[in-house]
Every structure is written in structure tokens, then in C-alpha cells.
Amino acid sequence: MNTNTKHRVLVTGGAGFIGSHTLVELIAAGFDVVAVDNFSNSDDTCLRGVEQITGQKIPFENVDCCDFAAMESVFQRYDFDSIIHFAAFKAVGESVEMPLKYYRNNLMSFINVLELMKKYNRNNIVFSSSATVYGETDVLPVTEETPRMPAISSYGNTKQICEDILRDTVASSSVKGIALRYFNPIGAHPSALIGELPRGVPNNLVPFITQTASGIRECLSVFGNDYPTPDGSCIRDYIDVVDLAKAHVAAITRMVEGKNKQNYEIFNVGTGKGTSVLELVEMFQRVNNLKLNYKIAPRRQGDVVSIYADTSLANNELGWKAERSLEDTLVSAWKWEQYIRRK
Ligand code: UFG
């Protein structure tokens, strides 16, 4: 940021995995921040970690974004023009079992934030979208123009609906918005002071790997080795969480500096490279010099075979590029797991 007065950014879901890493990168880029979270899927570990990394006290409000009055009070008490909205439920399987919980939380919180932006004339918002909006697609790598497919889960549907809510709100107001479609965020800050803290049995691959390596889980199940891919396991685009956090800083800066070409824009955030589950498991063992207990298990319902991003738009327009190697990311994930187990 090269403006004289510091620009403050409201970060909802700031105590979470991606939110906490984004607080660090915003501060490093010269922004002020205020974080809100209701700790529904987190605790204050990562906020304390952010404070250790940055040496700053993070202004924080324990607020549920679905609580309009409490959110309004945040808008009244803090001066910010930009918002990054992370706060949402994100467990794909749970969303299929409890769709109303997901629709209520993910839609209402976002609608509240947008209504308050309009009411208090706050202009810029970055929304956490997901590669899940592409569904099973034949077009690889996927570009932002690749048609969205009907969502497979209620979680995925909330991401599609929120993108549409943002598009329509931008079209009818002075709000500017950027939706970032994340591929598979993994890893941790190199300091190992912040990282992913899943509650209960992890759904996602890398936390399951690190918990298996640390002995909390007995054995990793690789879901399927009979897919039409070179080694038979599914292919994903694993994006380092610090790189992903920096994409948010680039998106906010673009809007603050008025460099956005349209008032609503969408960017894929990935590396552009697909990695199979078995390749990832092999790499994790190699770079961390350990042996992982794993077995081949049946396919998991709802998994797409292969998906990875075309990132040219983010590269060219945001001036952003994934930088950290997958090896370094997997080292950071293991370092974080060891840190958190010692705590
Ligand atoms: N996998 C295993 N074993 C595990 C966990 C996962 O083999 O214990 C495999 C999955 O089958 C899949 C790959 O590892 O092939 C990645 O699975 P994740 O659960 O880590 O990630 P997904 O690609 O299923 O989901 C991620 C995000 C979602 C988002 C989705 C969009 O977690 O929030 O990408 O594609 F919706």
C-alpha cells in the first residue's frame, strides 16, 4: 500500500485457517485490520499466532456474522472500507446431511455483510469462493469462463449462490466485489505459529496425512486408485495457504487502487499444476523423511476425478502467482502439526 493513511480491512472468519494467514499478509502489506469470528470452527490459537508473527495486537470482535445487530455494531465502531468474507461452514459431507444449517449460515452471514456495506457505504469485498463451483468438468485446466456445473453438495451450492448474490449486489449498488475461487488450500505459515486446526476427524487429505504421521490416526485411506488418471488416484491443485493469503491482499489492493476492470470479478487461485493423491503422499514422506501408514480404500462419494486451475487471469490481472513449492508447503504442514501437538 502506498497511500498515506492506512486502509483498514474487516476480516470475517479471521480466527480460521485462511483468515489468520490473510491477517498476517495484510499487515505485512501495510493494511490495518479488524477480525471477527464466533469460534464456531476455531479457537483463539491462530489469532494469538498472528499476534506473535506480526508483533501486533489484533483488534478482534467475537461476533456471529448471522447476528445482524452485532455485525452492525462492528460497522459502526470501526472505520474500514474493505472486507474479506471468510466466515462460513465448509464441511462438504456435513452440508449434505444438514443443508439448512449450511444455507442459513453461509447465505445469511453474507447477506448481512452486504446489506451493512450498502448501509454504511463500505465499498470493496473479497468473497471466498471455491473450485467446487466447477463441479466435474471435462475442460482442464479450468478457466474462469469454464461453465459452472450444478453443485454436488449444499456447501458447493452456497458458494454458487453467494457468487450470484455478490454479482447482483454489485450490479445494483456502488459495492465492488471479487470472488476468489480457491482450489485446495494446504500448508501452514513457515513460522509454524498458525495453521489448519480441524475439529474431530479431518475430512481433507493433508490434515489427515499429518495426523496419521503424528500417530493420532492409525492409517490414511487413499480413496480410490482406479480413476482414469496416470496412477489411478484423483488429481487436485494444492495451493499453499500463504500464497492464497497473498491473493487476497492483491485483490483488495486492486479495488482500493481502482484497478479493477469490472465491478464484479472472479479469479481462480491455484498453482496451475495437478498432483495426484498418491504423488502427494509420496512427496510428504520424502520431504519430511518419514514413513506414512496408508492403504488404498474405495472411492469417496462425490469426488471429482481431476481438477486444476488455469491461473493466467490472476497472474496477469492481480499480478499474483503461487510461489511456494509443494515440497516446502508439505514441510510447513508437518512442522505445524508437530508444533500444535506439543502445545
Ligand atoms: N482424500 C483421500 N483420503 C482422505 C482425504 C482425502 O484419499 O482421507 C482424497 C480425496 O478423495 C480427494 C483428495 O484427497 O481425491 C483431496 O480431498 P480433500 O478432501 O482434501 O479436498 P477436496 O478436493 O475434496 O475438497 C476441497 C475443499 C472443499 C472444496 C473442494 C472443491 O476441501 O472445500 O475442494 O473441489 F469444496
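Please refer to the structure placed before this passage.
Remember, predicted model here, so these are calculated numbers, not experimental data.

Q: Explanation requested: empty space enclosed by the protein in the structure shown.
A: Over the atoms rolls a probe the size of a water molecule, and its path tells where empty space is left. Across all of its chains, the model carries one cavity of 30 Å³ or more by this definition. For the largest cavity, the calculated volume is near 90 Å³. As for the largest cavity, its lining consists of Gly 187, Glu 196, Pro 198, Val 206, Pro 207, Thr 210, Gln 211, Ala 333, Trp 336 and Glu 337. It is helix α7 (residues 205-213) that provides the largest number of residues to the lining of the largest cavity, a total of four residues.

Q: Please explain the sheet that holds strand β6 (residues 176-182) as it appears in this structure.
A: Whenever strands of a sheet pair, they do so through backbone hydrogen bonds, lying parallel or antiparallel. If you walk across this open sheet you meet the seven strands as β3-β2-β1-β4-β5-β6-β11, and the pairing is parallel. Two strands lie at the open edges of the sheet, namely β3 (60-62) and β11 (264-269), each paired on one side alone. Taken over all neighbouring pairs, the strand axes of this sheet differ in orientation by 20 degrees on average, direction set aside. Pairing between strand β1 (residues 8-12) and strand β2 (residues 32-37): five bridges, direction parallel. Pairing of Leu 10 across the sheet is with Val 34, part of β2. Contacts from helix α3 (residues 68-77) reach β1, β2, β3 and β4 (82-85), with the element oriented near 165 degrees to β1.

Q: I'm lost on the site of the ligand in this one. Help?
A: Within the structure, the ligand sits among 18 residues, and Asn 204, Leu 205, Ser 221, Arg 236 and Asp 303 are positioned closest to it. At a separation of 3.4 Å, an oxygen atom of the ligand approaches a polar backbone atom of Asn 203. Measuring from an oxygen atom of the ligand, one finds a side-chain N or O atom of Asn 204 at 2.8 Å. Protein coverage of the free-state accessible area of the ligand, which is 680 Å², stands at 89%. Secondary structure elements with two or more residues in the shell around the ligand: α7 and β8 (220-223). With four residues, β8 is the single largest residue contributor to the shell around the ligand. In terms of residue class, the shell around the ligand is made up of nine nonpolar, six polar and three charged.

The rules behind the values
- Residues numbered from 1 in each chain as written.
- Predicted model: local features only at pLDDT ≥ 70, side-chain atom pairs only at ≥ 80, totals over all residues.
- Heavy atoms only, no water.
- 1 Å grid on protein atoms, 1.4 Å probe; cavity = no way out; pocket = protein on both sides within 12 Å on 5 of 7 lines; lining within 4 Å.
- Points joined across faces, edges and corners; volume = space filled by probe spheres on them.
- Helix = DSSP H or I, 4+ residues; strand = E, 2+ residues; numbered from the N terminus.
- Pairing = 2+ DSSP bridges.
- Axes fitted to C-alpha atoms, helices over the stretch in contact; angles between N-to-C directions.
- Contact = heavy atoms within 4.5 Å.
- Near = heavy atom within 4 Å.
- Polar contact = N/O pair within 3.5 Å; in protein donor to acceptor, adjacent residues only side chain to side chain.
- Areas by Shrake-Rupley, 256 points an atom, 1.4 Å probe, with all protein chains shown as cover.
- Nonpolar A, V, L, I, M, F, W, Y, C, P; charged D, E, K, R; others polar.

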